[in-house]
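# What the coordinates show
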Amino acid sequence: MPTATSSRRYSIFAIAREALRQHSGWTRAWTSPEPRERYKVVIVGAGGHGLATAYYLGKNFGITDIAVIEKGWLGGGNTGRNTTIIRSNYLQDPSAAIYDKALKLYENLSQDLNYNVMFSPRGLIMLAQTEHEIRGYKRTAIANNLQGVATEWIGPQRLKQLVPIINLDGPRYPVLGGLYQPRGGTARHDAVAWGYARACSDMGMHIIQNCEVTGIETEAGQVRAVNTSKGRIGCEKLALVVAGHSSQLAEMAGFRLPIESVALQALVSEPIKPCMDVVVMANTVHGYLSQSDKGEMVIGGGTDGFNNFTQRGSWHHVEETVRALVETFPMISRLKMLRQWGGIVDMTGDRSPILSATPVGNIFVNCGWGTGGFKAIPGSGWAMAELVANGAPGALAADFGLNRFREGRFIDESVAAGVAH
Ligand SMILES: Cc1cc2nc3c(=O)[nH]c(=O)nc-3n(C[C@H](O)[C@H](O)[C@H](O)COP(=O)(O)OP(=O)(O)OC[C@H]3O[C@@H](n4cnc5c(N)ncnc54)[C@H](O)[C@@H]3O)c2cc1C
């Protein structure tokens, strides 16, 4: 069993070399150290956003005295549970800026991390199935083009060419057109977490798994340490990046967040032959799907109708989601479903994230990505690193501060993100 980690580059030559020696030379991708007494920066949550924050702190600011603390296994939260959709077709300018920054970073992430995140810009379509949606998406297409984010409104015929399995003429919700983002697509969610983790570990950062933060120590309004299941860990700065558990961590530090936690569910079918090479979202009926490299149809549903911390799926969601989609995708009726699951997402009232300083000195939060934060991971990490390093937000995070809730400056993405992921 390999024990040491190594920053040896992955390449075709490495694969060939290892193939010749029965793959005995691979080393672990990241270390599993015991925590030190103190770090300059502690990040709670080894999901994509926490790991990306650590990575860009190291890469862009040279800060590597960092521990990323995770109560489970890295990527085991929403990062490893999502349906991997990536897009940047949001309505408001601050949203388009941060999501498109993320998309641009995704486009070169495999090269940057030297880790194949299987980014697949196969194109993404959001279906319009009501007159109201036609108006909404045409408006978004115009806004996107002003923002420099290429999207287009397409009619039913073009849609049918892109998605041959679609039924345009459903009796309840015929397909009237769609908002198409050719650069949108998917990536392998675990690989995103693993790639960032490997790069962070190579920079000397500590990723400490199976270590739950149980308390936050403050003194004179400043953070001093976190108490964990592996003991007290001192820090100069603390970043809380725990998605659905953000309100719990904030409570430990003595402040409140405008976050509601709720389970979001998804399911996959048995693998079938390639039949759809774009991502399609049907927001009126509430369901979306793409086909994985293994051939499974990856199907996303909705959030539970009540707040909860239950990381699992439920039968009625399978039924509701499949029932919603079957009119538009009749082939679904003949598929067996293989698995279902859930993750705890962190919803804000305006369906936009929070990247912010907090009432406690040197504690920063990154949360509120709700049902759609996988696509944002690189951009969010980039912006959060700026915030933590400088103590103040850069241009990308400036509008996403906590003060917007007090000042009524909402970034309303309820059309782009309230339902869709
Ligand atoms: C079913 C589903 C489908 C989705 N589909 C999409 C999609 O298609 N596209 C998209 O863009 N987004 C999607 N999302 C949303 C996306 O997954 C999340 O927004 C994103 O992964 C959040 O990442 P994160 O790093 O903030 O959180 P997480 O990945 O949840 O990481 C937070 C980590 O914090 C840890 N933690 C919590 N409390 C503590 C503690 N006390 N001590 C230590 N560690 C702690 C958790 O264990 C967890 O690993 C989906 C989500 C779900 C659940």
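Residues numbered from 1 in each chain as written. Predicted model: local features only at pLDDT ≥ 70, side-chain atom pairs only at ≥ 80, totals over all residues.

Quick note on the threshold: UniProt positions are given in the numbering used here, feature names are shortened, and annotations may be inferred rather than shown by experiment.
An unreviewed UniProt entry lists the chain under the name Sarcosine oxidase subunit beta, from Paracoccus alcaliphilus. Regarding the chain, the UniProt comment filed under Sequence similarities (unreviewed entry) reads as follows: "Belongs to the SoxB family." Of the chain, the UniProt comment under Subcellular location (unreviewed entry) reads exactly: "Cytoplasm".

## Here we look at the UniProt feature "domain: Rhodanese" (unreviewed entry) in the chain
What counts here: Secondary structure elements follow DSSP: runs of H or I of four or more residues count as helices, runs of E of two or more count as strands, with numbering from the N terminus.
Mapped onto this numbering, the UniProt entry gives "domain: Rhodanese" (unreviewed entry) at residues 40-85. Between the first and last C-alpha atoms of residues 40-85 the distance is 34 Å; the span itself is 30% helix and 22% strand.

## With respect to the nonpolar core
Here is the rule: To count as a nonpolar core, a set of buried Ala, Val, Leu, Ile, Met, Phe, Trp, Tyr and Cys residues must be joined through C-beta atoms within 7 Å. To sort residues by burial, count the other C-beta atoms lying within 10 Å of each one's C-beta; a count of 20 or more means buried, 12 or fewer means exposed, and anything in between means partly exposed. C-beta atoms are built from the backbone. Residue ranges labeled as domains rest on an automatic or database domain assignment. Any pair of residues counts as being in contact when their C-beta atoms, constructed from backbone geometry, are within 7 Å of one another.
By size, the foremost hydrophobic cluster in this structure holds 119 residues, and its most contacted members are V42, L51 and V68. When we break this core down by domain, the ones giving at least three residues each are domain 1 (37-84 + 189-258 + 350-407) and domain 2 (120-186 + 260-347). Excluding its chain neighbours within four sequence positions, the residues that come into contact with V42 are A67, I69, V226, I233, C235 and L238.

## Some words on the domain arrangement of the chain
Note the cut-off: Gly falls in the polar group here, along with every residue not listed as nonpolar (Ala, Val, Leu, Ile, Met, Phe, Trp, Tyr, Cys, Pro) or charged (Asp, Glu, Lys, Arg).
Once the domains are mapped, the chain shows domain 1 (37-84 + 189-258 + 350-407) and domain 2 (120-186 + 260-347). With 15 residues of domain 1 at the interface, the matching set in domain 2 holds 14 residues. By residue class, the composition of the side of domain 1 that touches domain 2 is three nonpolar, 11 polar and one charged.

## Looking at the site of the ligand
Stated precisely, the cut-off is as follows: For each residue, a C-beta atom is placed from the backbone, and the residue counts as near a molecule or strand when that atom lies within 6 Å of it.
Lining the immediate surroundings of the ligand are 40 residues, of which G45, G47, G77, G343 and G373 lie closest. Contributions of two or more residues to the shell around the ligand are made by helix 2 (48-61), strand 12 (260-271) and strand 16 (337-347). Of the residues contributing to the shell around the ligand, the split by class is 14 nonpolar, 21 polar and five charged. Counting only domains with at least three residues in the shell around the ligand, you end up with domain 1 (37-84 + 189-258 + 350-407) and domain 2 (120-186 + 260-347).

## Looking at unusual backbone geometry
We note that Q22 has phi near 55°; this positive angle belongs to a residue other than glycine. Examined against the element boundaries, Q22 turns out to sit in the loop between helix 1 (12-20) and strand 1 (38-44).

## Overview of the pairing of strand 15 (residues 296-303)
To keep it simple, the criterion reads: A strand pair is defined by DSSP finding two or more bridges across the two strands.
For strand 15, the buried fraction is high: six of the eight residues fall into the buried class. With five bridges connecting them, strand 12 and strand 15 associate as antiparallel partners. Residue pairing across strands places A266 opposite G300, the latter belonging to strand 15. Where strand 14 (residues 287-291) meets strand 15, four bridges bridge the pair, whose relative direction is antiparallel. Residue L289 lies in a different strand from strand 15, and its bridge partner there is I299. Here strand 14 hands over to strand 15 after four residues, with G295 in that stretch at a positive phi of 105°.

## With respect to the packing of helix 3 (residues 93-107) against helix 10 (residues 377-390)
Convention followed: Note on geometry: axes are C-alpha line fits, over the in-contact stretch for helices, and angles between N-to-C directions span 0 to 180 degrees. When an angle is under 35 degrees it counts as roughly parallel; over 145 it counts as roughly antiparallel; between 65 and 115 it counts as roughly perpendicular; any other value is oblique. In this scheme the handedness of a crossing depends on how the near helix is turned from the far one: anticlockwise by less than a right angle means left-handed, clockwise means right-handed.
Here helix 3 crosses helix 10 at 110°, and the two axes come no closer than 6 Å. Our classification of the angle between helix 3 and helix 10 gives roughly perpendicular. As for how helix 3 packs across helix 10, the hand of that crossing is right-handed. For the pair helix 3 and helix 10, the contacting residues are I98, Y99, K101, A102, L105 and Y106 in the first and I377, P378, G379, S380, W382 and A383 in the second. Residues belonging to the contact of helix 3 with helix 10 are distributed by class as follows: nine nonpolar, two polar and one charged.

## Things to note about the pairing of strand 4 (residues 124-128)
Across the five residues of strand 4, five count as buried, placing the element largely inside the fold. Neither face of strand 4 is open: one carries L124, M126 and A128, the other I125 and L127, and all of them are buried. Pairing geometry for strand 4 and strand 6 (residues 177-181), over five bridges, is antiparallel. Paired with L124 across the two strands is Q181, which belongs to strand 6. Where strand 4 lies against strand 13 (residues 279-282), four bridges are found, and the strand directions are parallel. Note on strand 13: the bridge partner recorded for L124 is V279.

## A short note on the sheet that holds strand 16
The eight strands are arranged 5-6-4-13-14-15-12-16 in an open sheet whose pairing can be described as mixed. Two strands bound the open sheet, and with one partner strand each, they are strand 5 (152-154) and strand 16. Each neighbouring strand pair of the sheet contributes to a mean axis angle of 20°, computed without reference to strand direction. Bridge count for strand 12 against strand 16 is 10 bridges, and the pairing is antiparallel. From the neighbouring strand, L264 faces strand 16, where its bridge partner is G343.

## Description of helix 8 (residues 246-253)
Going by this rule: What the arc measures is the spread of directions leading from the helix axis to the C-beta atoms.
Every buried residue of helix 8 is listed here: S246, L249 and A250. Looking straight down helix 8, one finds its buried side chains confined to an arc of 100°; they lie on one side. Tucked into the core, helix 8 has its buried residues touching strand 1, strand 9 (213-219), strand 11 (231-240), strand 16 and strand 18 (363-367). Just downstream of helix 8 lies G254, where phi reads positive at about 90°.

## Remarks on helix 7 (residues 189-202)
Filter applied, for reference: Given a helix with a known number of residues, its expected span is that number minus one, times 1.5 Å.
The terminal C-alpha atoms of helix 7, which comprises 14 residues, lie 20 Å apart, in line with the 20 Å expected from a rise of 1.5 Å per residue. Of all 14 residues that make up helix 7, 12 are buried, and the element is covered over most of its length. Taken together, the buried positions of helix 7 are H189, V192, A193, W194, G195, Y196, A197, R198, A199, C200, S201 and D202. On the buried face of helix 7, the contacting elements are helix 2, strand 2 (66-69), helix 4 (109-113), strand 8 (206-208) and helix 10.

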